[in-house]
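Coordinates in review
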Amino acid sequence: MRSPAASSGQPGIPGPAGPRGPKLHAARRNEFGQSFQDGGEHYDRVRPGYPLDSVDWLVPEGAKAAADVGAGTGKFTALLAARGLEVAAVDPSADMLEQLRKAHQQVTALEGTAEATGLADSAFDVVSVAQAWHWCDPLLASTEIARILRPQGTLGLIWNQLDTEVPWVHRLSRIMHAGDVHKPGFRPVIGPEFAGLESHFTKWEDASSPEDIMELTKSRSYYLRANDATRAKVMGNLEWYLYDHLGHKPGETIHLPYVTQTWRAFKIHSAGPR
């Protein structure tokens, strides 16, 4: 399953950008997150999209404008735009945004972070953060997102994860060093500007080949930060697991199980613009 092509809509005009916050609040987040500053074309090609069920559950009826923060190359942005919403996309990586602009010319894309988006006050009904909240300072980001949301607006936090309840996928995730697999009982941290946090889970499959899975591994922060010896070891282990142990052939279609976690919370009435 891949995200549908985006269509229609022009985003609201971004407001004056305030002082830029750190691209990633903590040193650890910065170390990992810098891995994604380049390589947007590869990321866009190998990363899966998101199920329509996720955006259907997240976006309230009557919503007109959305901001996708940490938008990357536009995987979730595409779903928002396809619903006819006016969409703005924000990401700290110019390389990622270059790919997004090529695919979604109707979306306004600008460099920024969840802590300092540069978007206008009270301009959006929905703000989504897909596959990126773990790179943010959750309290600073919550304050900033509450600023750009309209009263009772929706914050959406989305993660695609390998479905590690499937035994062979669990072992695959260990070999890939897929560190973003959440433990049971996980709840994202959000600021006091929001209430009513609830979740929705979607199980689905992405049609991949063994080669696709190896390229997917190369897009993850562990691999991007590793030295040549570690990278070679990871690829060798993957080749053994996919070809020798599981018996797949080069080019064979593998239905790779995923679970998408979609969380939403609502801006409380007292959380006005800063």
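Residues numbered from 1 in each chain as written. Predicted model: local features only at pLDDT ≥ 70, side-chain atom pairs only at ≥ 80, totals over all residues. Heavy atoms only, no water.

1. Looking at the environment of Gly-236
Our working definition: Segments assigned H or I by DSSP are reported as helices when at least four residues long, segments assigned E as strands when at least two residues long, and all are numbered from the N terminus.
Assignment of secondary structure puts Gly-236 in helix H10 (residues 228-245). Each C-alpha atom, one on Gly-236 and one on Ile-175, is 9.9 Å from the other, the two residues being 61 residues apart in sequence.

2. Points about the nonpolar core
The tendency in soluble globular proteins is for nonpolar side chains to be buried side by side. Our working rule: Grouping buried Ala, Val, Leu, Ile, Met, Phe, Trp, Tyr and Cys residues that are joined through side-chain atoms within 4.5 Å yields what is termed a nonpolar core. The classification of residues rests on relative accessible area computed with a 1.4 Å probe and restricted to protein chains. Under 20% of the type maximum is buried, over 50% is exposed, and intermediate values are partly exposed. Residue contacts are defined here by distance: any two heavy atoms, one from each residue, within 4.5 Å place the two residues in contact.
In this structure, Phe-124 and Trp-133 are the most contacted members of the largest nonpolar core, which totals 30 residues. Aside from chain neighbours lying at most four places away, what touches Phe-124 is Ala-65, Ala-66, Ala-67, Ala-88, Leu-119, Ile-148, Leu-149 and Arg-150.

3. Let's talk about the packing of helix H7 (residues 167-176) against H10
As a reminder, the rule being used: For helices, the axis comes from a line fit to the C-alpha atoms of the stretch in contact; other axes are also lines fit to C-alpha atoms, and the angle between any two N-to-C directions lies between 0 and 180 degrees. The cut-offs work like this: below 35 degrees is roughly parallel, past 145 is roughly antiparallel, 65 to 115 is roughly perpendicular, and the gaps in between are oblique. Ten residues, namely Ala, Val, Leu, Ile, Met, Phe, Trp, Tyr, Cys and Pro, are considered nonpolar, four, namely Asp, Glu, Lys and Arg, are considered charged, and the remaining ones, Gly among them, are considered polar.
Between H7 and H10, whose axes approach to 9 Å, the crossing angle comes to 160 degrees. Overall, the two elements H7 and H10 adopt an arrangement that is roughly antiparallel. Residue-level inspection shows Trp-168, Arg-171, Leu-172, Ile-175 and Met-176 of H7 in contact with H10, the latter providing Val-234, Asn-237, Leu-238, Trp-240, Tyr-241, Leu-242 and His-245. Of the residues in the contact of H7 with H10, the class split is nine nonpolar, two polar and one charged.

4. Some details on the packing of aromatic side chains
For any pair of aromatic rings, the description consists of the separation of the ring centres together with the inter-plane angle of the planes. As a reminder, the rule being used: We call Phe, Tyr and Trp rings a pair once their centres come within 6.5 Å, taking the six-membered ring for Trp, and we label the pair stacked below 30 degrees between planes, edge-to-face above 60, and tilted otherwise.
Considering all chains together, one arrives at six aromatic pairs under this definition. Residues Trp-159 and Phe-186 carry aromatic rings whose centres are separated by 5.3 Å and whose planes lie at 90 degrees to one another, so their mutual orientation is edge-to-face. With Trp-159 in strand E5 (residues 149-162) and Phe-186 in the loop between H7 and strand E6 (194-208), the pair connects residues that are 27 residues apart, well separated along the chain. Overall, Trp-159 belongs to the buried group, its relative accessible area being 2%. The class for Phe-186 is partly exposed, based on a relative accessible area of 26%. Note on Phe-186 and Trp-263: the rings are 6.1 Å apart at their centroids and 85 degrees apart in plane angle, and the pair reads as edge-to-face. Of this pair, Phe-186 sits in the loop between H7 and E6 while Trp-263 sits in strand E7 (residues 254-267); the two residues are 77 residues apart in sequence, bridging distant segments of the chain. Given a relative accessible area of 4%, Trp-263 falls into the buried group. Site record: aromatic cluster; members linked through ring pairs are Trp-159, Phe-186, Phe-201 and Trp-263.

5. Description of the pattern of salt bridges
The condition that has to hold: By salt bridge we mean one thing: a side-chain nitrogen of Lys or Arg within 4 Å of a carboxyl oxygen of Asp or Glu.
Overall, the coordinates contain nine salt bridges when judged by the stated rule. Here Arg-150 ties to Asp-125 by a salt bridge, and the two come within 3.0 Å at their closest N and O atoms. Residue Arg-150 is located in strand E5, and its partner Asp-125 is located in strand E4 (residues 124-130); the two are separated by 25 residues in the primary sequence. On the basis of relative accessibility, which here comes to 28%, the residue Arg-150 falls in the partly exposed class. A relative accessible area of 17% places Asp-125 in the buried class. Note that Glu-144 is salt-bridged to Arg-147, the shortest N-O span being 2.8 Å. Highlighted residues: Glu-144 and Arg-147, both in helix H6 (residues 138-148), separated by three residues, approximately one helical turn. Note on accessibility: Glu-144 and Arg-147 belong to one class, buried.

6. Topic: helix H5 (residues 94-103)
In plain terms, the rule: It is the directions from the helix axis to the C-beta atoms that the arc portrays.
Inspection of H5 places Met-96, Leu-97, Gln-99 and Leu-100 among the buried residues, and these make up the whole buried set. Buried residues in H5, looked at end-on, bunch into an arc of 155 degrees, giving them a common side.

7. Brief notes about the pairing of strand E1 (residues 65-69)
Put simply, the rule is: When DSSP finds at least two bridges between two strands, those strands are taken to pair. By convention, a crossover is right-handed whenever its connection, traced from the first strand over the helix to the second and viewed with the strands pointing away, goes clockwise.
For E1, the buried fraction is high: five of the five residues fall into the buried class. Alternating residues of E1 divide into Ala-65, Ala-67 and Val-69 and Ala-66 and Asp-68, and every residue in both groups is buried. Relative to strand E2 (residues 86-91), E1 runs parallel, the two being bridged by five bridges. Bridging from a neighbouring strand, Ala-67 pairs with Ala-88 of E2. Taken together, E1, helix H4 (residues 77-82) and E2 form a β-α-β motif whose crossover is right-handed. Alignment of E1 against E4, held across three bridges, turns out to be parallel. Directly across from Ala-67, in E4, lies its bridge partner Val-127.

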